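Structure assessment
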Amino acid sequence: MRALRRAVARVAQRRPLSTVRVERVDKHIAVVTLDRPEKLNALDMAAFRGVREAALELRDDASVRCVVLRGAGRAFCAGLDVKSVMHPLRAKANCAELLERPSGEAANLAQAVSYLWRGVPCPVVAAVHGACFGGGLQIALGADVRIAAQDAKLSVMEAKWGLVPDMGATAALRELTRRDVALELTTSGRVVGAREALELGLVTRVVEGSAFDAALEFARHVAKGSPDAAAAAKQLWHAAYDAGAGEPAERELLRLETVLQERLLGGWNQVACSMRGLGAPPVLTPGFADRADAWAPEAQSAAREWLARLEASDGDEGA
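These remarks concern the structure in this document.

Cut-offs and rules
- Residues numbered from 1 in each chain as written.
- Predicted model: local features only at pLDDT ≥ 70, side-chain atom pairs only at ≥ 80, totals over all residues.
- Heavy atoms only, no water.
- Disulfide = S-S within 2.5 Å.
- Buried < 20%, exposed > 50% of the residue type's maximum accessible area, 1.4 Å probe, protein only.
- Pairing = 2+ DSSP bridges.
- Helix = DSSP H or I, 4+ residues; strand = E, 2+ residues; numbered from the N terminus.
- Contact = heavy atoms within 4.5 Å.
- Axes fitted to C-alpha atoms, helices over the stretch in contact; angles between N-to-C directions.

Take the state of the cysteines next. For the coordinates displayed, the defined rule picks out zero disulfides. Left unpaired, C77 is separated from the closest cysteine sulfur, that of C132, by 7.2 Å. Under the relative-accessibility criterion, C77 is labelled buried at 0%. In this structure C132 comes out as buried when scored by relative accessible area, which is 0%.

The mixed open sheet is built from three strands, whose spatial order is 5-7-8. Strands with a single pairing partner mark the edges of an open sheet, and in this sheet they are strand 5 (131-133) and strand 8 (192-193). For strand 5 and strand 7 (residues 153-155), the ladder comprises three bridges, and the chain directions are parallel. In the strand pairing of strand 7, C132 is matched with L154. Packing of helix 6 (residues 135-142) onto the sheet brings it into contact with strand 5 and strand 7, and relative to strand 5 it is tilted by some 90°.

On to unusual backbone geometry, then. Backbone phi values are negative for most residues with the exception of glycine, while trans is the configuration of most peptide bonds. Positive phi, close to 55°, is recorded for L40, a residue that is not glycine. Tracing the backbone through its elements, the reader meets L40 in the loop between strand 2 (29-34) and helix 2 (45-59). Phi angles above zero are rare outside glycine, and N41 is one such case at about 60°. By the secondary structure assignment, N41 is in the loop between strand 2 and helix 2.

This part is about the environment of V113. Relative to the helices and strands, V113 resides in helix 5 (residues 109-115). Residues V113 and E53, spaced 60 residues apart in sequence, show a C-alpha to C-alpha distance of 8.9 Å. Not counting the four nearest positions on each side in its chain, V113 is found in contact with F48, V51, R52, I139 and M167.

Okay, structure coming up:
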């Protein structure tokens, strides 16, 4: 009986906990894979929960320096698995779980699969190939960088179902495209190829070969640098694009530049960068440490607080 229990335990350990896999590459790179290739990685409830848990896990892991999002098989993600999520026996409970917003949280479960990647204090890159529709597109939009293969096809597919995008697209599209482009894509639901997506700002660049290979190359380049500087850069540019225009906002951004720079200067990883830049012998050059506690999600609340003050002052702060 004991041998049987051990065998069952080994099988349980090998069984994936969800349709989302999190793996490490080169120690400091995390690869998150949507793993329902037979369904073109369409999102069922297990996938929603899996992506959320992956984002929360990686957000708190200081050893991670870059995250790659990918889809297994022929597509990145074909969007919502309507037959599964909206099954007559489960639709009411599933919708309640997706749309309920936990107390104190910015995003509900449906939005968290996109929005939470913005709070991971390292660059997140989506490797987009094949279908990237609806909820799949919104997950990709939650990444900081999107690298698309030439076969990638993108669509704000919610128009097909008489809906609007409700998984975080509004937080990202306003930063990436013009208002008329966002409205045209949302109301038409039309499918755009990789090259047009690049022209419209939906993807960062298009590659001839594998989008995943290109994303890994980017991740490895990031992982060779200071994790503290990467975290600061992400915080700075998110704040810059959220702050609006005008002199008061610019004044606050200039202040934030100084705050972040002072936090970086003299730190272990900044010293390591400087010694490399000055050409110190490798034997005398310290390696990078894991991301400092100062860049943990809770420590970044200061930037959000001053943005909230700026918004509440309606541009009068410092006048």
